[in-house]
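# Summary of the model geometry
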Amino acid sequence: MTDAGAKRPNELSITEAASVLRSGQFSVRELFDACFATAEARNSELNAYREFFIDAETDAAIDAAQKRLDTEGEKAPMLCGVPLAIKDNILIEGRIASASSKILENYRATYDATVIMKLKAEGAIFIGRTNMDEFAMGSSTEHSAFGATKNPHDVSRVPGGSSGGSAAAVAAHTVIAALGSDTGGSIRQPAAHCGLVGFKPTYGSISRSGLMALGSSLDQIGPLTKTVADAKILFDAIQGNDTLDSTTIPAESPYEKRGTPKVFRVGVPYHLLDSGIDPDLRANFDIALQKIKEQGHEIVEVNLPTSSYALAVYYVIMPAEASTNLSRFDGMRYGLAKRGKTLLDDYVETRTEGFGEEVQRRILLGTFVLSSGYIDAYYRKADAARAVLTKEYDDAFEKVDVIAFPTTPSPAFKFGEKSDPVSMYLEDIFTVTANLTGMPAISVPMGTVMREGKDLSTGIHFTAPKGADDLLFTIGAAITGETLLHGH
Amino acid sequence: MATSEDVKKLAALARISVPEGKLTRFAEEFDGILKYVSQLEELQVPKGEPLLPYTNVFRADADPHEKGKWTEKLAEQFPAREGNALSVKQIISHD
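What counts and what doesn't
- Residues numbered from 1 in each chain as written.
- Chains lettered and ligands numbered in written order.
- Predicted model: local features only at pLDDT ≥ 70, side-chain atom pairs only at ≥ 80, totals over all residues.
- Heavy atoms only, no water.
- Helix = DSSP H or I, 4+ residues; strand = E, 2+ residues; numbered from the N terminus.
- Rg over C-alpha atoms; globule rule 2.2 N^0.38 Å.
- Buried < 20%, exposed > 50% of the residue type's maximum accessible area, 1.4 Å probe, protein only.
- Contact = heavy atoms within 4.5 Å.
- Areas by Shrake-Rupley, 256 points an atom, 1.4 Å probe, with all protein chains shown as cover.
- Buried area = accessible area lost by both parts, 1.4 Å probe.
- Salt bridge = Lys/Arg side-chain N within 4 Å of Asp/Glu carboxyl O.
- Polar contact = N/O pair within 3.5 Å; in protein donor to acceptor, adjacent residues only side chain to side chain.
- Nonpolar A, V, L, I, M, F, W, Y, C, P; charged D, E, K, R; others polar.
- Core = buried A, V, L, I, M, F, W, Y, C linked by side-chain atoms within 4.5 Å.
- Phe/Tyr/Trp six-rings, centres within 6.5 Å; stacked < 30°, edge-to-face > 60°.
- Lys NZ or Arg CZ within 6 Å of the ring centre and 35° of its normal.
- Pairing = 2+ DSSP bridges.

### Brief notes about the overall build of chain A
Of regular secondary structure, chain A possesses 15 helices and 11 strands. A compact globule built from 488 residues should have a C-alpha radius of gyration of about 23 Å, and chain A, at 21 Å, falls within 12% of that. C-alpha extents for chain A along the principal axes are approximately 65 × 55 × 50 Å. Within chain A, the proportion of its 488 residues that are buried is 64%. Relative to all contacts within chain A whose residues are 6 or more apart in sequence, the contacts with residues 24 or more apart total 75%. When the accessible area of chain A is evaluated, it comes to approximately 16600 Å², of which 50% is carbon and sulfur surface.

### Overview of the interface of chain A and chain B
With 55 residues of chain A at the contact, the number on the chain B side is 44 residues. Its largest share of buried area at the contact with chain B, chain A owes to Tyr-309, Leu-364 and Lys-381 of chain A, together 16% of the area lost on that side. Between chain A and chain B we count five salt bridges in total. Our count for the contact surface shared by chain A and chain B stands at 15 residue pairs in polar contact (both at pLDDT 80 or more). Of all the elements in the fold, those that place two or more residues in the side of chain A that touches chain B are helix H9 (310-325), helix H10 (343-354), helix H11 (357-369), helix H12 (376-399) and helix H13 (421-425) of chain A. No other element matches the 11 residues that H12 of chain A contributes to the side of chain A that touches chain B. In terms of residue class, the side of chain A that touches chain B is made up of 30 nonpolar, 12 polar and 13 charged.

### So, the nonpolar core
Soluble globular proteins: nonpolar side chains tend toward being buried together. The biggest cluster of nonpolar side chains holds 102 residues, and the ones touching the most others in it are Ile-90, Val-115, Leu-119, Leu-179, Val-402 and Phe-462 of chain A. Ranked by residue count, the leading element in this core is helix H7 (residues 228-238) of chain A, at eight residues. Not counting residues up to four positions away in its chain, the partners in contact with Ile-90 of chain A are Ala-97, Ala-113, Val-115, Ile-116, Leu-179, Gly-180, Gly-210, Leu-211 and Ile-221 of chain A. If you look at the next biggest cluster of nonpolar residues, it comprises 63 residues, including Ala-109, Phe-329 and Leu-389 of chain A together with Leu-23 of chain B.

### A few points about the packing of aromatic side chains
Residue and element names in this part refer to chain A. Applying the stated criterion to the full structure yields 18 aromatic pairs over all chains. Three or more aromatic residues joined by ring pairs make a cluster, and in this case those are Tyr-107, Phe-135, Phe-329, Tyr-334 and Phe-355. A cation over a ring is seen here: Lys-418 above Phe-413, with NZ or CZ 5.0 Å from the ring centre.

### Focus: the pairing of strand E4 (residues 177-182) of chain A
Residue and element names in this part refer to chain A. Buried residues dominate E4, accounting for six of its six residues. Here E4 shows a buried face lined by Ala-177, Leu-179 and Ser-181 and a second buried face lined by Ala-178, Gly-180 and Asp-182. Where strand E2 (residues 83-87) and E4 come together, three bridges link them in parallel fashion. By the bridge assignment, Ile-86 is partnered in E4 with Leu-179. With five bridges connecting them, E4 and strand E6 (residues 220-225) associate as antiparallel partners.

### Considerations on unusual backbone geometry
Gly-161 of chain A connects to Ser-162 of chain A through a cis peptide bond whose omega is 10 degrees. Locating Ser-162 of chain A in the fold gives a position in the loop between strand E3 (125-130) and helix H5 (164-171). The backbone of Arg-15 of chain B shows a phi angle near 60 degrees, a positive value even though the residue is not glycine. Examined against the element boundaries, Arg-15 of chain B turns out to sit in the loop between helix H1 (4-13) and helix H2 (20-37).

### Re the pattern of salt bridges
Overall, the coordinates contain 43 salt bridges over all chains when judged by the stated rule. The residue Lys-414 of chain A makes a salt bridge to Glu-452 of chain A at a minimum N-O spacing of 2.8 Å. Here Lys-414 of chain A, found in the loop between strand E9 (402-406) and H13, pairs with Glu-452 of chain A, found in the loop between strand E10 (441-451) and strand E11 (454-463); they are 38 residues apart in sequence, far enough to count as distant. Its relative accessible area of 58% is what places Glu-452 of chain A among the exposed residues. Each of Glu-357, Glu-358, Arg-361 and Arg-362 of chain A together with Lys-22, Arg-25 and Glu-29 of chain B takes part in one network of salt bridges that share partners.

Structure below.
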């Protein structure tokens, strides 16, 4: 917090912003305007936002937050008056939520997602909705129906995806922090590519009510932030059991309580890192491990043999769930509504025009793996493999506290570089496992690699046992050198 | 090998129409994905291994919201409406 004074207000972290709002150094309006001025200036180049929320509703929220800070002072919630960007697949009542798809281009949300209700109660301000791969299907944000988002560190490269708009928005300091969603790495991978902290909580920690479903057994909402402390603040604000989502963890958690160890045993599956990893990125990873060791923690080799099948398992389960979830878009009740001769024509014309190519591809794949004659070979096999994978991780967590590997095999790639679907899918090779097992995972910046004169971010990834989300903040802070405040 | 016909059939099941010009490419890409996914064939999963422990979560059928609270908001999204009813094409023919 020492250098908060030297930064422009839009460059602050949540903790720093909360501090300057309380000291009166900046008003809520000044903080918001500084963010919006930068957002407006950068967005034509970056295409991070689909829409800015500049209207009477936002003005009222800004005034209310200021009043609250003035009256409650230190007791006001940490997020009170803090501008946040929201991924375009999370519902805010009365506002368009399109999942960056033509089929929902004009869809207006009829209710608040639970996370939005919680953030409103904290006094957070929503600056706009961010671009994404259509229905969160992608790892580059190139699959948005409304144009790709660019990486602020090198605009010839992708920001990652699918929460690429949220990542670019925070990395370009157009907002203090953002929400994304993560089905196979969609928060952590763009965080790694944009130099941010990205956190995917334990499945069921955060309500999915009001999040557009991609893979319902995999999806979680989570934060994209400038610091580990900020990720914890946002997580603490939005987590919790919710009667509107029966998959949320009950108040009496079934997961083993694990205290935060003084000395972490960090498991590394070296057998997964033998090939396919960019050498410079691997060097950063080894330096990060060395940093952990120097702080007194232990590095332990772990064996996770089924991990090499995780991406194949994922590309059966996710399309199966996606094709099922997306069957609701039929042009009948909301969204794009094309009309043909028969009712069947109505469905087909709406879905054909409304869905982009990658969405259609995954719907077809899901339809295939669930079809009679193939469901045993693909879907049921994948489901069984998922159980084996989970058991392997559970066993590893008997010996170690967290498991580490790089978030991605290489730094951000160039637009169009991964036009073949499988090469794009391979971006998520490390991140999907946390979604398949339901375990929490975080990506934390681990330095940069130089490409064509530009410094490109890389990320280190930690996984923890279910319910042990807090361990990830502690080990993440060991990498960033932050001191976490406990007990709030 | 996935053929154009296979893609067409899946598309029909999924209520999507893939234009003729894209069928060959879709079939090729489909093959690429299935080839990758097919590594699962070599993976041995223990016989009788219990799948993930899924449990049903129920709640009491109680605390309904007040009648009509959401009607207008939802009906506003209808592509075609008659009063509060969603208007669609006739499905059953009387001929």
